[in-house]
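What follows is each chain in one-letter form.
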Amino acid sequence: LVFVGDRILSVAGKDVRGLSVRDVQRAFASEPGMPVCVEGYRATDGLYRVTLIRANPEGAGIATLCNEACGAARKLYEELEAVREDRARVRDQVTELTEEVLRLKSGVEEANERAVLAQADWSEGHALLDRANEMLDGVRADLAKTQSELQEEKQRVAELEVQAREGDTARE
């Protein structure tokens, strides 16, 4: 605020040093309710800057402006409380979502571990299958050889039977 004894240096950015009181009053002329920036000097505090609101000449005055300011402050306080409540709700939701993300992440890690183990089991099973197929191929080769040998033996036995019958016939 501006006090008795203060020296007013400028009003609304206009240097008023050396002007008459009437000219300084004119410098304050503005629309009612509009801010006016005043720079001054006070012996106890030094240089200062303050913004004043021009009163409505039809009686709005300081009391009306104070009431309006108090109403606006109450409204801002209510809005602030609503924002705080919203912020608390959002914080709770973020906490819940963070916990859910951690649970999902844990599930994904567990699934990845299972997939790695399953792939290792599959690889081991595939290697066993390859070895079994190799063994089976060996058994098939042995079987084919044995069948061939058996066929040769049958052929020899048949030839021996023929020779034995011929020998029996010749002795008779």
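Residues numbered from 1 in each chain as written. Predicted model: local features only at pLDDT ≥ 70, side-chain atom pairs only at ≥ 80, totals over all residues. Heavy atoms only, no water.

1. Details of the overall build of the chain
So, point 1. Along its length, the chain carries two helices and four strands.
So, point 2. Its helices and strands in sequence order give the chain the pattern β-β-α-β-β-α, from N to C terminus.
So, point 3. Computed over its C-alpha atoms, the radius of gyration of the chain comes to 55 Å, more than 25% above the 16 Å expected for a compact globule of 172 residues.
So, point 4. In the chain, of all internal contacts separated by at least 6 residues, the share reaching a separation of at least 24 is 43%.
So, point 5. Of the roughly 14500 Å² of accessible surface on the chain, a fraction of 57% belongs to carbon and sulfur atoms.
So, point 6. If the 24 positive side-chain charges of the chain are averaged to one point and the 34 negative ones to another, these points end up 16 Å apart. (Helix = DSSP H or I, 4+ residues; strand = E, 2+ residues; numbered from the N terminus. Rg over C-alpha atoms; globule rule 2.2 N^0.38 Å. Contact = heavy atoms within 4.5 Å. Areas by Shrake-Rupley, 256 points an atom, 1.4 Å probe, with all protein chains shown as cover. Lys, Arg positive; Asp, Glu negative; His and termini not counted. Charge placed at Lys NZ, Arg CZ, Asp CG, Glu CD.)

2. Details of the pairing of strand β3 (residues 35–42)
So, point 1. Only one face of β3 is covered, namely the one carrying Val 36, Val 38, Gly 40 and Arg 42; the face carrying Pro 35, Cys 37, Glu 39 and Tyr 41 has none of its residues buried.
So, point 2. Pairing between strand β1 (residues 7–11) and β3: four bridges, direction antiparallel. Bridging from a neighbouring strand, Ser 10 pairs with Glu 39 of β3.
So, point 3. If you look at the hairpin formed by β3 and strand β4 (residues 46–53), you'll find three residues sitting between the two strands. (Buried < 20%, exposed > 50% of the residue type's maximum accessible area, 1.4 Å probe, protein only. Pairing = 2+ DSSP bridges.)

3. Observations concerning the pattern of salt bridges
So, point 1. In total, this model carries eleven salt bridges according to the counting rule given.
So, point 2. Residues Arg 26 and Asp 23 are paired through a salt bridge, measuring 2.7 Å at the closest nitrogen-oxygen approach. You can see Arg 26 and its partner Asp 23 sitting in helix α1 (residues 21–27), three residues apart, about one turn around the helix.
So, point 3. Sharing partners across several salt bridges, the network here consists of Asp 6, Arg 42 and Asp 45. (Salt bridge = Lys/Arg side-chain N within 4 Å of Asp/Glu carboxyl O.)

4. Describing the nonpolar core
So, point 1. In this structure, Val 11, Val 16, Val 24, Ala 27, Val 36, Val 38, Tyr 48 and Val 50 together form the largest nonpolar core, which totals eight residues.
So, point 2. Elements represented by at least two residues in this core include exactly α1, β3 and β4.
So, point 3. Residue contacts for Ala 27: discarding those within four places in its chain leaves Val 11 and Val 16. (Core = buried A, V, L, I, M, F, W, Y, C linked by side-chain atoms within 4.5 Å.)

5. Here we look at the environment of Gln 147
So, point 1. If you trace the backbone, Gln 147 turns up in helix α2 (residues 61–171).
So, point 2. Since its relative accessible area comes to 48%, Gln 147 is described here as partly exposed.
So, point 3. Along the primary structure Gln 147 and Ile 53 are separated by 94 residues, whereas in three dimensions their C-alpha atoms are 118 Å apart.

6. Here's the deal with the packing of aromatic side chains
So, point 1. Within this structure, the stated rule accounts for zero aromatic pairs.
So, point 2. Just above the ring of Tyr 48 sits the side chain of Arg 42; from NZ or CZ to the centre is 4.6 Å. (Phe/Tyr/Trp six-rings, centres within 6.5 Å; stacked < 30°, edge-to-face > 60°. Lys NZ or Arg CZ within 6 Å of the ring centre and 35° of its normal.)

7. Some thoughts on the sheet that holds β4
So, point 1. On the basis of which strands lie adjacent, the open sheet formed by four strands has the order β2-β1-β3-β4 and antiparallel pairing. Edge strands, defined here as strands with exactly one partner in the open sheet, are β2 (14–15) and β4.
So, point 2. The pairing of β3 with β4 spans eight bridges and is classified as antiparallel. By the bridge assignment for β4, Glu 39 is matched with Arg 49.

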